Amino acid sequence: MLIVMDQKATPAEVDAVVAAIEVRGYTARPIPGGERVSIGILNNKGPVDAGLFLGLPGVKDAIPVTRPYKLVSREFKPENTVIRVGDVTIGSDDLVIMAGPCAIESESQALTIAAHVKRSGAGIFRGGAFKPRTSPYSFQGLGRKGLEILAQVRETTGMPVVTEVMDLETFELVEQYADVIQIGTRNMQNFSLLRRAGRAKKPILLKRGMAATIDEWLMAAEYILEGGNPQVILCERGVRTFAHHSRNTLDLSAVAVVRKESHLPVIVDPSHAAGRREQVIPLSRAAVAVGAQGLMVEVHHAPDTAMSDGAQSLYPDQFETLCHHVRSIYEVFQANGC
Ligand code: PEP
Ligand code: MN
């Protein structure tokens, strides 16, 4: 249930409602809004009696929340969440483009690619230091050295960096270096990692599990918000299907559904969905048209020699084309109030 306070409600009235919720054994979660405060009621086992709160001073309304995910839902918070990372905002009117190699391979590789993607208009640099690989014999990432290189990219280019955290042991280390912490598809339901992300002070980019329903994905985000971190960016990256023409199937309808269901920003990773470079530009155009608020794209200056995901990595000039295309589409939609 969501208790909606009157616009003129005083802090003391809000506190009194919180106390009335907690005395019944529920958890109260105040949600500051643009015009008024709302208070979410969590941890209720059964239905909550609205009459308990409707008569209290400053209470305007009590709305039942029907969704299993509470804090991430628009029922709890109707307005979009906007996340600020350096000079970049995600979830606002800007289209944010994150780009870079799958894995950080060396200082010169990262700096070369960073210069290219920055020139084309990327706002955030991506690159894995800890890589989740299907085979234990594949390149596993440079680890701490990779994080140091990411810090150097940030220093040199001014771009914030996003990188993946794979486990609890390295969480603190990744948190020190990253501006945005990525939780990958394979870890979307790693609940201890989600709980740790809930205590992080940095935004979390939560990829959709490759076999996760939208409800499961939003419930994973709920763990992070429930743990105290409201800064979550959702990322659709394709799901497993019977199709063989691409590595995964990009579920663009999920973007439309999640934008309606949740106030959290939603971006699309066309690279891991496609697995093949020639599909990345068309999928990016479609992602922006369906309402994605950003993209995360793999780019490499020498993809044939890339240590991971070379086949899906764009050449820098292709990335430049992608940026032109998606920005024009985005502008048309904005001009039409979409
Ligand atoms: C990645 O972004 O490099 C990655 C491993 O992504 P995913 O978790 O979507 O496979
Ligand atoms: Mn990759």
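Residues numbered from 1 in each chain as written. Chains lettered and ligands numbered in written order. Predicted model: local features only at pLDDT ≥ 70, side-chain atom pairs only at ≥ 80, totals over all residues. Heavy atoms only, no water.

Participant: How do you make sense of the site of ligand 1 when you look at a structure like this?
Facilitator: In the vicinity of ligand 1, 13 residues are found, and the nearest of them are Arg126, Lys131, Thr185, Lys207 and Arg237. Gln182 is positioned such that a nitrogen or oxygen atom in its side chain is 2.9 Å from an oxygen atom of ligand 1. Here Thr185 contributes a backbone N or O atom positioned 2.8 Å from an oxygen atom of ligand 1. Coverage of ligand 1 by the protein amounts to 97% of the 290 Å² it exposes when considered alone. (Near = heavy atom within 4 Å. Polar contact = N/O pair within 3.5 Å; in protein donor to acceptor, adjacent residues only side chain to side chain. Areas by Shrake-Rupley, 256 points an atom, 1.4 Å probe, with all protein chains shown as cover.)

Participant: Explain the sheet that holds strand β2 (residues 27–32) here, please?
Facilitator: By way of backbone hydrogen bonds, the strands of a sheet pair with one another, either parallel or antiparallel. Ordered by their spatial adjacency, four strands build an open sheet running β2-β3-β1-β4, and the pairing between neighbours is antiparallel. The two strands at the open ends of the sheet, each matched to only one other strand, are β2 and β4 (59–63). With strand direction ignored, the average angle separating the axes of adjacent strands in the sheet is 20°. Here β2 pairs with strand β3 (residues 37–42) via six bridges, running antiparallel. Considered in β3, the bridge of Ala28 is made with Ile41. Packed on one face of the sheet, helix α1 (residues 11–22) meets β1 (2–5), β2, β3 and β4 and runs near 10° to β3. (Pairing = 2+ DSSP bridges. Helix = DSSP H or I, 4+ residues; strand = E, 2+ residues; numbered from the N terminus. Axes fitted to C-alpha atoms, helices over the stretch in contact; angles between N-to-C directions. Contact = heavy atoms within 4.5 Å.)

Participant: How do you make sense of the nonpolar core when you look at a structure like this?
Facilitator: For soluble globular proteins, the rule of thumb is that nonpolar side chains tend to be buried together. Within the largest apolar cluster, 77 residues are counted, with the highest numbers of intra-cluster contacts made by Val117, Phe125, Leu206, Leu234, Phe319 and Leu322. Ranked by the residues each element gives to this core, the list is headed by helix α7 (residues 214–226), at seven residues. Sequence-distant contacts of Leu234, that is, excluding residues within four places in its chain, are made with Leu206, Trp217, Leu218, Ala221, Val258, Ser262, Leu264, Pro265, Val266 and Ile267. Ala9, Ala28, Ile41 and Val48 belong to the second largest nonpolar core, which has 17 residues in total. (Core = buried A, V, L, I, M, F, W, Y, C linked by side-chain atoms within 4.5 Å. Buried < 20%, exposed > 50% of the residue type's maximum accessible area, 1.4 Å probe, protein only.)

Participant: Hey, could you run me through the state of the cysteines in this one?
Facilitator: Simply put, disulfide is the name for a covalent bond between the sulfur atoms of two cysteines. By the definition in use, this model includes zero disulfides. In this structure Cys323 is not part of a disulfide, and its nearest cysteine sulfur, from Cys235, lies 16 Å away. (Disulfide = S-S within 2.5 Å.)

Participant: Help me understand the coordination of the manganese ion (ligand 2), please; the structure alone is not making it clear to me.
Facilitator: In ideal tetrahedral geometry, four donors around a metal make angles of 109.5 degrees, whereas ideal octahedral geometry with six donors gives angles of 90 or 180 degrees. Surrounding the manganese ion (ligand 2) are the protein donor atoms Cys102 (SG), His272 (NE2), Glu298 (OE) and Asp309 (OD), at 2.0 to 2.4 Å. Counting along the primary sequence, the residues that act as donors to the manganese ion (ligand 2) give the motif C-x169-H-x25-E-x10-D. With His272 in helix α9 (residues 270–274) and Asp309 in the loop between β14 (294–298) and α11 (316–335), this pair connects stretches of sequence that are 37 residues apart. His272 gets classed as buried once you look at its relative accessible area, which sits at 9%. (Donors = N, O, S within 2.8 Å, 3.2 Å for Na, K, Ca; no water.)

Participant: I tried to follow the pattern of salt bridges on my own but got confused; where do I start?
Facilitator: Pairs can form between side chains of opposite charge whenever their charged atoms are close. All told, the structure shown has ten salt bridges when counted by the stated rule. Among the ionic pairs, Glu75 bridges to Arg67, the shortest N-O distance being 3.9 Å. Judged by relative accessible area, Arg67 falls into the partly exposed class, the value being 27%. A salt bridge links Arg208 to Asp251; its shortest N-O distance comes to 2.8 Å. One end of the pair, Arg208, is in the loop between β11 (204–207) and α7; the other, Asp251, is in the loop between β12 (232–236) and α8 (252–261), with 43 residues separating them in the sequence. According to the relative accessible area criterion, Asp251 is buried, its value standing at 17%. Three or more residues are tied together by salt bridges with common partners; here these are Arg67, Glu75 and Glu261. (Salt bridge = Lys/Arg side-chain N within 4 Å of Asp/Glu carboxyl O.)

Participant: Looking at this structure, I do not really get the pairing of β11. What am I missing?
Facilitator: It is a general feature of regular strands that their side chains alternate between the two faces of the sheet. Here β11 shows two buried faces, one formed by Ile204 and Leu206 and the other by Leu205 and Lys207. The pairing of strand β10 (residues 180–183) with β11 spans three bridges and is classified as parallel. Across the sheet, residue Gln182 finds its bridge partner in β11, namely Leu205. Read as a crossover between parallel neighbours, the route from β10 over helix α6 (residues 191–198) to β11 is right-handed. Bridge analysis of β11 against β12 gives four bridges, and the strand direction is parallel. Within the sheet, the bridge partner assigned to Leu205 lies in β12 and is Ile233. (Right-handed = clockwise from strand over helix to strand, strands pointing away.)

Participant: Looking at this model, I keep getting lost on the environment of Ala129. Mind explaining?
Facilitator: Topologically, Ala129 is positioned in the loop between β8 (124–126) and α4 (144–157). A relative accessible area of 0% places Ala129 in the buried class. As a C-alpha pair, Ala129 and Cys102 span 27 residues in sequence and 9.1 Å in three-dimensional space. In contact with Ala129, not counting residues within four places along its chain, are Gln140, Gly141, Leu142, Gly143, Gly146, Leu147 and Thr163.

Participant: Help me understand unusual backbone geometry, please; the structure alone is not making it clear to me.
Facilitator: For residues that are not glycine, phi is negative in most cases, and the peptide bond is trans in most cases. Not every positive phi belongs to a glycine, and Asn43 is a case in point at roughly 65°. Assignment of secondary structure puts Asn43 in the loop between β3 and α2 (51–54). The partly exposed category is assigned to Asn43, whose relative accessible area is 44%. Its identity as a non-glycine residue notwithstanding, Asp309 has a phi of 55°, on the positive side.

This is a description of form; function is not addressed.
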